[in-house]
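Each chain, letter by letter, is given below.
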Amino acid sequence: MHNPSHPLPHRFARPGGLGFVSYVVVALVVLWSLEGAGWSMDRLLSSPPKLADFFSRAWPPSTHNLDRLAWKMVETLQIAVAGAAIGIVLSLPIALLAARNVLVGRGINQVVRVLLGFIRAVPDLAWALVFVVAVGLGPFAGMLAIAIDTIGFCGRFFADDMENTDPGPAEALTATGAKRIDIAASAIIPAAMPAFISTSLFGLEKAVRSSTILGLVGAGGIGIELKVGFDLFDYPTALTVILMIAVVVIGVEQIGAVLRQKIIGTAR
Amino acid sequence: MPLDRPGLRRGVTQGGLQVLDLQAKELAKRFGSGAPVFSGLEFSITQGDCVALVGANGTGKSTLLRCCLGLIAPDAGEVSLLGEKLTDLGGAARRALRARTGLVGQKHNLVPRLSVLSNVIHGLLGRHSGPRYWMQGLAPAEARTAAMATLTKVGLADLALRRADQLSGGQSQRVAIARALVGNPRFLVADEPCASLDPQAGEEVMALFMSLVKREGVTVLFTSHNVQHALSYGDRILGLQGGRIAIDAASADVTPKEMAQLYA
Ligand SMILES: Nc1ncnc2c1ncn2[C@@H]1O[C@H](COP(=O)(O)OP(=O)(O)OP(=O)(O)O)[C@@H](O)[C@H]1O
Ligand SMILES: [Mg+2]
């Protein structure tokens, strides 16, 4: 039975003075933010009829452009796959520089991590705008935007994956006199491979999601059809595009989940 | 404390002088601002000797082994390994020295997703660099032959292509031993080579390990929590207690009582 000399611990900690103040502060910040976001009960309540109007005009989704839309979707996926592939390949050397205790010292790790943070901080649409300026309108700009976005994501998480591997094998190889590059290639990377694959699949899913809206800024893909649909009040086509995007994104996520299960488990 | 009886030493002599493979002087180490793990350690190991390092959990055996191989730097004092002062060595010279040493870790520390053969070939990375030594499929024929010969010695040639994370504890320990031996080290450090093995497997691994190293005349420094192993396989006992060396004597001269006091 329970030893009475140790009283039962509390189920919940009672908030102290500081805790109480921080709850109040958080609540005030949220209220202030709602205000800044133009919170309006009137407009919220008047929106259902307008939404219903949109759907009644959009329904049924248009099917007469299906051909063109399907090809646009293929182009979208090509942008995503090409961009993600280039990004993933380039992420590996960058991650080797960003990971602590792998190739280079803390100083360089930190500089590379800050650069990767900067890449992630710039939204994908902003990268697309930048590349449209650099290489002109079209899918090539979109692919470059996806590639750089993928580097920001995979570069950081590949580095984390390598830092999280068991340091034992690396130490054993250090004791045999192996060079850092050899230790990275023969102990750290193989051990991190399942994590790399998982991270890469997330990178690809993210790339597919991004690639569907790049068209909004003229960087290729199906997003342009969405924009044109709304601009010309061709809501049935716009709805078709939205549904296609949903199907593709969900499909890619499902395939990613299955592949993560399958691929993680083969020897070299 | 009685010192070694000359007859018990298998130490190699050069012009009447014994060659010292390891010399530790005034060694001290602490982690962060904690109490020192050890301080003022002085000992040396003669070429060809097999020394058992014993002591209770947390007395700093693993830490000391790491200092001896230069894997971590001591706070004070110095280590000479195979005649070279570790603090004097630059990166390349340090790697060249380590190519002549081997480590069998407290955990087996194999690369999990690679084959047994690839793991053994990694033991050659101190002498060779580059992609050909990263995995067995790319390795030159001599490397594969050498690794297979070593695997045969530890009795695991038939598992060469098994993934390292699909081995039993005893098998993976033998692979770790093969990896440490494949480069023909002159100085071998083994941190509890039998931890996590059942008594039978532990006995087998220890006997195998010792027969291999004695045949090659390798100098060995190993730790063990098995007093019997320490006394029967070690020519000499180094006992750590309270951050000091409490025993430094030929194993034949160490009484069971002295050993028991280490753990008191
Ligand atoms: N990297 C580290 N950082 C901080 N403290 C450490 C570190 N490594 C070891 N220690 C501490 O140093 C002391 C000695 O540890 P060490 O692993 O060398 O002991 P040990 O004699 O090998 O023990 P065991 O018999 O359990 O293997 C312990 O108190 C441990 O907590
Ligand atoms: Mg230990």
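Structure: above.
None of the values given here were measured: they were computed from a predicted structure.

Colleague: Sorry if this is basic, but what is going on with the nonpolar core here?
Modeller: Nonpolar side chains in soluble globular proteins generally cluster together in the buried interior. Membership of the largest hydrophobic core comes to 105 residues, with the highest contact counts inside it found for Met162 of chain A together with Leu151 and Phe222 of chain B. In terms of residue count, the dominant contributor to this core is helix α7 (residues 139-163) of chain A (10 residues). In contact with Leu151 of chain B, other than residues within four places in its own chain, are Val116, Leu117, Val120, Leu156, Ala157, Ala160 and Ala178 of chain B.

Colleague: Mind showing me how you'd approach the pairing of strand β5 (residues 50-54) of chain B here?
Modeller: Looking along a regular strand, one sees side chains alternate from face to face of the sheet. All names here are of chain B. The buried fraction of β5 amounts to five of the five residues, a majority that puts the element mostly inside the structure. Of the two faces of β5, the one holding Cys50, Ala52 and Val54 and the one holding Val51 and Leu53 are both buried throughout. Pairing of β5 with strand β10 (residues 219-223), which is carried by four bridges, proceeds in the parallel orientation. By the bridge assignment, Ala52 is partnered in β10 with Phe222. Relative to strand β11 (residues 236-241), β5 runs parallel, the two sharing four bridges. Opposite Val54, over in β11, you have Gly239 as the bridge partner.

Colleague: What should I look at first to understand the pattern of salt bridges in this one?
Modeller: For side chains of opposite charge, pairing can occur when their charged atoms come near one another. Applying the stated criterion to the full structure yields 19 salt bridges over all chains. A salt bridge links Lys72 of chain A to Glu75 of chain A; its shortest N-O distance comes to 3.6 Å. Here Lys72 of chain A and its partner Glu75 of chain A are both found in helix α4 (residues 66-98), three residues apart, which amounts to about one turn of the helix. On the basis of relative accessible area, Lys72 of chain A is assigned to the partly exposed category, the value being 22%. The partner of Asp165 of chain B in a salt bridge is Arg163 of chain B, and the shortest N-O contact between them spans 2.7 Å.

Colleague: Can you walk me through the interface of chain A and chain B in this structure?
Modeller: Interface size is commonly expressed as the accessible area that is lost once the parts come together. With 25 residues of chain A in contact, the opposing surface of chain B contributes 28 residues. Carbon and sulfur atoms supply 59% of the area buried between chain A and chain B, which totals about 2,300 Å² over both sides. Here chain A and chain B share two salt bridges between them. Linking Lys107 of chain B and Asp166 of chain A is a salt bridge whose minimum nitrogen-to-oxygen distance equals 3.2 Å. The tally of links from chain A across to chain B stands at six residue pairs in polar contact (both at pLDDT 80 or more). Those elements that place two or more of their residues in the side of chain A that touches chain B are α8 (167-175) and α9 (180-211) of chain A. Here the element with the most residues in the side of chain A that touches chain B is α9 of chain A; it accounts for nine residues.

Criteria and cut-off values
Residues numbered from 1 in each chain as written. Chains lettered and ligands numbered in written order. Predicted model: local features only at pLDDT ≥ 70, side-chain atom pairs only at ≥ 80, totals over all residues. Heavy atoms only, no water. Core = buried A, V, L, I, M, F, W, Y, C linked by side-chain atoms within 4.5 Å. Buried < 20%, exposed > 50% of the residue type's maximum accessible area, 1.4 Å probe, protein only. Helix = DSSP H or I, 4+ residues; strand = E, 2+ residues; numbered from the N terminus. Contact = heavy atoms within 4.5 Å. Pairing = 2+ DSSP bridges. Salt bridge = Lys/Arg side-chain N within 4 Å of Asp/Glu carboxyl O. Buried area = accessible area lost by both parts, 1.4 Å probe. Polar contact = N/O pair within 3.5 Å; in protein donor to acceptor, adjacent residues only side chain to side chain.

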